[in-house]
Amino acid sequence: MTGIHNVNKDYFDAARTLGAKNTQLVTKIALPASLPNILQGLIQGMSSACTALLVAEMLGVESGLGWYITWQKSWAEFAKMYAAIIIICITFIVVNWILTKIKRMVVKWQEEVN
Amino acid sequence: MAKENTHTLKLEDISKSFIGTDAQGITTALENINLIIEDGEFVSVVGPSGCGKSTLLRLIAGLIPPTKGSIFLNGSPINGPHPNRGMVFQEPTLFPWLTVEENVSFSLKVLGKYRAKKDEVDRLIHMVGLDEFRNSYPHQLSGGMAQRVALIRTMINEPEVFLLDEPLGALDAFTRMNMQDELLSMWKSNQHIVIMVTHDIDEAIYLSSRVITMAPRPGRIKKDIRIDLPYPRNRMDDSFIQYRKEIMENLNF
């Protein structure tokens, strides 16, 4: 929501004087203008969602990598425990990398900040 | 009775107030504006900041409604924006997610005229010398190039009224003088109404057939001056300087 809220108001004024109707203001201005923010939000949201999922697995359920870590720890199988941790790290990195790639592809019009 | 001119812009007793921060909570941006602009006139509006110049343009564009009074174009009242009244803003406000070409064709696409007038996009991009940049994004352009794109993006609709809100304000002096000549040739080629807000009195005299000075609090028209000089004008000419003096004195400088 803040993504759309932060769109420069002048874009809407310009589009209206160029003949855009209300629905076109949404599809042709609001959405593309806020896409970088929306994607950024997705990336950040994904990280917090994964963290929350892991914690939940460790506490309640009896499946998933989070549960596997606590389960192996209780058997003192530290090698398997660390293997699980490494798999989690790799998954995190890959997911983040893919999302960032998608973001770069979709918003190639943004000034590059490298 | 003579037939009424086809393209006439008429402002009838226009007032505009905003919710403000003063004691009464109301700011009067414009009060009792009466103005008739005929086809083919290039009108510049000059005045100190806060005199409602930009508000005047936004009213004519239909972006905001007047508090009192009405505006007519060719006899029919204005209610809301329409592509026959094009506006160019102080900042180019190009859509950063579209290339130069896509920005210029934006209006044709939303109006469903793209197929019919596709060649016009090429012609205008060529006219302002940006063929090489047609696939560039706005952040890759210089200020002058961006403002040229903004101009042709609006021109593509061949608006009957061209509203310019300090379009050259953010440019350096040299780019600015080149752009002034480009504006003049654009205006001469279609001869519709141009209304430009500017802070630069020389620019106003150089370009316009008519200069309107405004006073603030509340915003009102102070003087309506016709510039009777042949084009192209010479900024060093005696009569040019005479006009500058007249306008300066009128604005109390």
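Keep in mind it's a predicted model, so treat the numbers as computed, not measured. (Residues numbered from 1 in each chain as written. Chains lettered and ligands numbered in written order. Predicted model: local features only at pLDDT ≥ 70, side-chain atom pairs only at ≥ 80, totals over all residues.)

Draft legend 1. Region of interest: the overall build of chain A. Helix and strand counts for chain A stand at five helices and zero strands. Order of helices (α) and strands (β) in chain A, N terminus to C terminus: α-α-α-α-α. For chain A, whose C-alpha radius of gyration is 21 Å, the value lies well above the compact-globule estimate of 13 Å for 114 residues. Its C-alpha atoms put chain A at 70 × 30 × 15 Å along the principal axes. Out of the 114 residues in chain A, the part that is buried amounts to 12%. (Helix = DSSP H or I, 4+ residues; strand = E, 2+ residues; numbered from the N terminus. Rg over C-alpha atoms; globule rule 2.2 N^0.38 Å. Buried ≥ 20, exposed ≤ 12 C-beta atoms within 10 Å, placed from the backbone.)

Draft legend 2. Inspection of the interface of chain A and chain B at higher detail. Every contact between the two is made by 15 residues of chain A and, on the other side, 19 residues of chain B. Listing elements by their share of the side of chain A that touches chain B, those giving two or more residues are α2 (9–17) and α3 (22–59) of chain A. Ranked by the residues each element gives to the side of chain A that touches chain B, the list is headed by α2(A), at six residues. The residue inventory of the side of chain A that touches chain B, partitioned by class, reads seven nonpolar, three polar and five charged. (Contact = placed C-beta atoms within 7 Å. Nonpolar A, V, L, I, M, F, W, Y, C, P; charged D, E, K, R; others polar.)

Draft legend 3. Representation of the sheet that holds strand β3 (residues 42–46) of chain B within the structure. Residue and element names in this part refer to chain B. Taken in spatial order, the six strands of this open sheet run β6-β7-β8-β3-β9-β10, and their pairing is mixed. On the outer flanks of this sheet lie β6 (85–88) and β10 (220–226), each paired with one strand and no other. Averaged over all pairs of adjacent strands, the angle between strand axes in this sheet comes to 20°, irrespective of strand direction. Both strand β9 (residues 210–215) and β10 contribute to a ladder of six bridges, which runs antiparallel. What sits directly across from I212, in β10, is D224. (Pairing = 2+ DSSP bridges. Axes fitted to C-alpha atoms, helices over the stretch in contact; angles between N-to-C directions.)

Draft legend 4. Representation of the domain arrangement of chain B in the model. All names here are of chain B. Per the domain assignment, the segments making up chain B are domain 1 (8–84 + 159–250) and domain 2 (95–157). Between domain 1 and domain 2, the residue contacts involve nine residues of the former and nine residues of the latter. Classifying every residue of the side of domain 1 that touches domain 2 by side-chain character gives eight nonpolar, one polar and no charged. (Domains from an automatic or database assignment.)

Draft legend 5. Seen up close, helix α3 (residues 114–127) of chain B. Residue and element names in this part refer to chain B. End to end, α3 covers 19 Å across 14 residues, agreeing with the expected 20 Å (1.5 Å per residue, within 8%). Considered for burial, the residues of α3 that qualify are V121, L124 and I125. The inward-facing, buried residues of α3 contact α2 (100–110) and α4 (143–155). Just beyond α3, the residue with positive phi is G129, at close to 70°. (Expected span 1.5 Å × (residues − 1).)

Draft legend 6. Seen up close, the pairing of β3(B). All names here are of chain B. Summarising burial for β3: five of the five residues are buried, a large majority. The alternating pattern of β3 places F42, S44 and V46 on one face and V43 and V45 on the opposite face, and all of these are buried. With four bridges connecting them, β3 and strand β8 (residues 193–197) associate as parallel partners. Bridge assignment links V45 to a residue of β8, and that residue is V197. In this structure, β3 lies alongside β9, joined through four bridges in parallel fashion. Of the residues in β9, the one forming a bridge with V43 is R210.

Draft legend 7. Structural detail: unusual backbone geometry. All names here are of chain B. The omega torsion across R217 and P218 is -10°, close enough to zero to call that bond cis. By the secondary structure assignment, P218 is in the loop between β9 and β10. In this chain, Y231 is followed by P232 through a cis amide linkage whose omega measures -10°. Looking at the secondary structure, you find P232 in the loop between β10 and α7 (238–250). We note that T93 has phi near 45°; this positive angle belongs to a residue other than glycine. Here T93 is to be found in the loop between β6 and α2. The phi dihedral of E158 is positive, around 45°, even though this residue is not glycine. Relative to the assigned elements, E158 resides in the loop between α4 and β7 (161–165).

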